[in-house]
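# Summary of the model geometry
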Amino acid sequence: MAYQPLPPDVLRAGFPTLFALRDKSGCLLVPKGTMMDADQLEQLAARDLYVDDQDGEALRRAIAGKVHELVRNDELLGRIAKARPESLELAAPSAAGRRRLDDAPTDWSNLQVRLAALLRDAAQPDFAGRLMQLQKTMFEQVNSDADDALLLLVHAATQEYHDYSASHALLVAVVAELASRHVPGITPAQRQSLRCAALSMNVAMTALQNQLAQQSSPLTPQQRAEVDAHPARAVAALRSAGVDDALWLEAVLHHHDAPGGPLAGMEPAQRLARLIRRADVFAARMSPRRGRQALSATAAAKAAYLDEQGKPDEAGSAIIKAVGLYPPGSLVKLADGETAVVLRRGRRANAPTVACIVNPAGAVLASPALRQTHMPAHAVTGGVAPHEVKVRLNLQRLLQMT
């Protein structure tokens with residue numbers, strides 16, 4: 001097999017390697033999917049790195065795409081000459097060698113249906129094994145295209161409250177997974193525990209959570225007691241189902257009470273629980289209930305970023321770095337008065353790729369139109385709450401635009 005040189009500056013600390021890294025002879029140095037810190041990357045940069053031909057071709061296509069994007073955006077020639085795609089912009093090669101746009105909505109919908117069926121009863125046969133397989137599928141789909149995942153899941157979360165428990169858990173798991181990639185020191189094994197904990201954190205109150213999403217009245221004393229007890233009851237149910245992963249169980253137990261503070265100083269389980277807690281807040285703020293309307297992405301981001309005392313939170317900051325101030329699937333207002341839906345995260349948290357769906361006069365566009373938010377006329381000025389825009393989005397068309 002032939003091997004091609006890999007520019008070391010496409011690797012980033014805190015992100016999984018999307019290619020297996022080799023020396024000139026093809027000897028494996030770093031397996032695909034390995035998380036590396038800044039010191040490890042510095043050591044690697046001192047030697048020549050190679051990838052196999054298939055990965056090298058994927059890298060060339062990604063760099064060509066980045067150059068095209070920079071030219072389209074009228075960037076300086078010096079920056080274009082140094083074009084390198086960000087780690088998260090490099091999609092791992094799929095079996096077909098391309099994004100499966102037609103399948104993404106179905107894939108995520110099917111995953112939510114599977115999760116909903118699984119969460120109804122932790123005592124069902126092979127619960128732990130089936131949840132482990134589900135998180136693996138989720139991880140693969142996120143890595144296929146994280147922006148597509150966010151677009152579909154965030155849009156779904158902002159539109160309805162039916163089958164809320166499963167849709168909420170799936171969104172929290174994806175957000176926590178992406179945020180964990182911005183936290184040094186979290187290993188791939190710990191991230192697997194994180195995903196499992198986020199998916200199963202409410203397994204002891206699935207039915208109640210679905211009921212509360214459609215309930216406009218305040219919680220009854222009995223409901224409040226069940227909500228308060230659900231972390232401990234979830235751990236008991238997971239243990240009975242055969243789960244023996246201590247990090248998974250501990251993160252579930254503390255997903256509502258993990259304290260804030262520097263993540264580096266926390267025990268691994270507390271660090272995972274804190275990420276889940278802030279992702280839980282972020283996702284909940286963007287989801288409507290029968291008794292309350294969903295908030296805009298801006299308000300949800302603020303709720304995640306500020307801790308319980310109203311101070312900046314490190315876990316919340318990781319979430320904003322991961323999904324942006326305006327995550328794909330959310331609605332935003334532009335400087336020229338247009339309303340747009342976010343399609344993809346940008347290089348800057350406040351400059352995503354968007355498609356205009358409502359003109360300044362309030363008329364719905366026949367077809368969404370791409371806008372460049374780095375330009376003053378189309379700069380994002382704030383988020384828009386879902387209930388403020390009555391437009392039925394064609395998700396397949398939006399995916400094809402990206």
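Residues numbered from 1 in each chain as written. Predicted model: local features only at pLDDT ≥ 70, side-chain atom pairs only at ≥ 80, totals over all residues. Heavy atoms only, no water.

### Section: the overall build of the chain
Across its full length, the chain carries 15 helices and nine strands. Sequence-distant contacts in the chain: of pairs separated by 6 or more residues, those separated by 24 or more amount to 64%. For the chain, the accessible surface area stands at approximately 18,400 Å², while carbon and sulfur atoms represent 52% of it. (Helix = DSSP H or I, 4+ residues; strand = E, 2+ residues; numbered from the N terminus. Contact = heavy atoms within 4.5 Å. Areas by Shrake-Rupley, 256 points an atom, 1.4 Å probe, with all protein chains shown as cover.)

### Thoughts on the pattern of salt bridges
As enumerated under the stated definition, the model contains 14 salt bridges in all. Ionic pairing is found between Asp-145 and Arg-344, a salt bridge with its closest N-O pair at 3.2 Å. With Asp-145 in the loop between helix 5 (127-144) and helix 6 (146-159) and Arg-344 in strand 6 (residues 339-344), this residue pair connects regions lying 199 residues apart in the sequence. Judged on exposure class, the residue Asp-145 and its partner Arg-344 are both buried. A salt bridge links Glu-308 to Arg-278; its shortest N-O distance comes to 3.2 Å. You can see Glu-308 sitting in the loop between helix 13 (297-305) and helix 14 (314-323) and its partner Arg-278 sitting in helix 12 (residues 268-285), a full 30 residues away along the chain. For Arg-278, a relative accessible area of 4% translates into the label buried. The network of salt bridges with common partners includes Asp-145, Asp-147, Asp-148, Arg-344 and Arg-345. (Salt bridge = Lys/Arg side-chain N within 4 Å of Asp/Glu carboxyl O. Buried < 20%, exposed > 50% of the residue type's maximum accessible area, 1.4 Å probe, protein only.)

### Brief notes about helix 7 (residues 164-180)
In a regular helix each residue adds 1.5 Å, so 17 residues correspond to 24 Å; helix 7 covers 24 Å between its end C-alpha atoms and thus fits that length. Taken across its 17 residues, helix 7 has 17 buried, putting it largely inside the fold. (Expected span 1.5 Å × (residues − 1).)

### Notes on the side chain of Asp-147
Looking at the secondary structure, you find Asp-147 in helix 6. Of the residues examined, Asp-147 reaches a relative accessible area of 7% and is grouped as buried. If near-sequence neighbours (up to four positions away) are discounted, Asp-147 is found in contact with Pro-328, Leu-343, Arg-344 and Arg-345.

### Re the packing of helix 5 against helix 8 (residues 188-200)
At a minimum axis distance of 10 Å, the contact between helix 5 and helix 8 shows a crossing angle of 110°. The angle between the axes of helix 5 and helix 8 places the two elements in the roughly perpendicular class. Pair helix 5 / helix 8 crosses with right-handed handedness. The residues of helix 8 that touch helix 5, namely those facing Leu-131, Met-132, Leu-134, Gln-135, Met-138 and Phe-139, are Arg-191, Gln-192, Arg-195, Cys-196, Leu-199 and Ser-200. Looking at the contact of helix 5 with helix 8 residue by residue, the class counts come to seven nonpolar, three polar and two charged. (Axes fitted to C-alpha atoms, helices over the stretch in contact; angles between N-to-C directions. Parallel < 35°, antiparallel > 145°, perpendicular 65-115°, else oblique. Left-handed = near helix turned anticlockwise from the far one by under 90°. Nonpolar A, V, L, I, M, F, W, Y, C, P; charged D, E, K, R; others polar.)

Scope: geometric values only; no functional claims are made or implied.
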